[in-house]
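A closer look at the structure
Listed below are the residues making up each chain.
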Amino acid sequence: MHQTQLKDSEFKLFQSWLHQSTGINLSSAKKALVAGRLSKRLKHLDLKSFGDYFQFIRSHAAAEELQIAIDLLTTNETYFFREPKHFEFMSEKILPTLIPAKKFRVWSAASSSGEEAYSIAMTLANELTSTAWEIFGSDISTDMLRIARGGHYPIARARTIPTDMLSKYCLKGTGGQEGTFLVERNLRNKVSFAQINLNENLPDVGQFDLIFIRNVMIYFDQDTKCKVIERLLPHLKSGGYLFVSHSESLNGITDRLQIISPSIYKKP
Ligand SMILES: C[S@@+](CC[C@H](N)C(=O)[O-])C[C@H]1O[C@@H](n2cnc3c(N)ncnc32)[C@H](O)[C@@H]1O
């Protein structure tokens, strides 16, 4: 089958648009991936070239298509209890020190399909008996937010959930839902999701005790990383913690946080 070619000049247009709107850096090594992911939209819209598709998403009439392109170009890989050391740190060092009278708030700031937010929720439900809590998840991808809000996943995704939490907080699908599981309603009710672009000024989401910003800054350049952290800092309570991925670091990005261990930072 004939496949439309993505010219270098066209790739550059997508590269700079995506960087400007989301902060994501697409290296030239991603050219084939971009062509692969966007080609179905060309076909769907009956467009002849990637240049035509670019003009289309930039036209005012195509706000919906703009979101579709962003959804297609973001990398959303995630899983339950990813980087378990962070959950252990939370259980061992943070949760035992809480003051019950205050509501404990956590932000999963690039939550993808919700696994990170629900892993935090399961940990809090398991450990906190007398402290009220809530989780807020946000992402730029509306496709991912739809999955996150549903809290309904293929059963294979349950593999990394500790067995005690799996039986307490997840309902195994039967009949037509065989092969899936649903995060239990009481837990889902404590987790809300909203679309937030970290590359723009943030809405008024209040302040949080913990912010998880894991496996997203790897897609940003240094300048964007600095700006994203600057935007997040006012939303972290004094004494609150910020978690990045083990493969990321805030070295050279901010000196306003104290490093507790690699990938865990505290606001003085
Ligand atoms: C690889 S996932 C990480 C998910 C989760 N935090 C984890 O560690 O498993 C990265 C997520 O960042 C989101 N993302 C990328 N750029 C973003 C931006 N500018 N604002 C908000 N979310 C963004 C993507 O849509 C994607 O769902």
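Structure first, text after, so check above.
Residues numbered from 1 in each chain as written. Predicted model: local features only at pLDDT ≥ 70, side-chain atom pairs only at ≥ 80, totals over all residues. Heavy atoms only, no water.

Helix length check: helix α6 (residues 115–127), at 13 residues, gives a terminal C-alpha distance of 18 Å against a target of 18 Å (1.5 Å per residue), a fit within 8%. The element α6 is extensively covered by neighbouring structure, given that 10 of its 13 residues are classed as buried. Within the span of α6, buried status applies to Glu-115, Glu-116, Ala-117, Tyr-118, Ser-119, Ile-120, Ala-121, Met-122, Thr-123 and Leu-124. (Helix = DSSP H or I, 4+ residues; strand = E, 2+ residues; numbered from the N terminus. Expected span 1.5 Å × (residues − 1). Buried < 20%, exposed > 50% of the residue type's maximum accessible area, 1.4 Å probe, protein only.)

Here Phe-89 shows up in helix α5 (residues 84–94). Along the chain, Phe-89 and Ile-264 lie 175 residues apart, while their C-alpha atoms are 9.1 Å from each other. Excluding residues within four positions of it along the chain, Phe-89 makes contact with Ile-94, Tyr-241, Phe-243, Ile-260 and Ile-264. (Contact = heavy atoms within 4.5 Å.)

Attention shifts here to the site of the ligand. Lining the immediate surroundings of the ligand are 22 residues, of which Thr-22, Thr-78, Arg-82, Asp-139 and Asn-215 lie closest. Note that an oxygen atom of the ligand is positioned 2.6 Å from one of the side-chain N or O atoms of Asp-139. Within the complex, 99% of the 610 Å² of free accessible area of the ligand lies under protein. In terms of residue class, the shell around the ligand is built from seven nonpolar, 10 polar and five charged. (Near = heavy atom within 4 Å. Polar contact = N/O pair within 3.5 Å; in protein donor to acceptor, adjacent residues only side chain to side chain. Areas by Shrake-Rupley, 256 points an atom, 1.4 Å probe, with all protein chains shown as cover. Nonpolar A, V, L, I, M, F, W, Y, C, P; charged D, E, K, R; others polar.)

Next up on the list: the sheet that holds strand β2 (residues 133–139). What the seven strands build is an open sheet, ordered β6-β2-β1-β7-β8-β10-β9; its pairing is mixed. Since the sheet does not close on itself, it has two edges, and those belong to β6 (191–195) and β9 (258–261), each with one partner. For this sheet, the mean angle separating the axes of adjacent strands, direction not counted, is 20 degrees. In this sheet, β2 lies alongside strand β1 (residues 104–108) in parallel orientation, the contact comprising five bridges. Among the inter-strand pairings, Arg-105 is bridged to a residue of β2, identified as Glu-134. (Pairing = 2+ DSSP bridges. Axes fitted to C-alpha atoms, helices over the stretch in contact; angles between N-to-C directions.)

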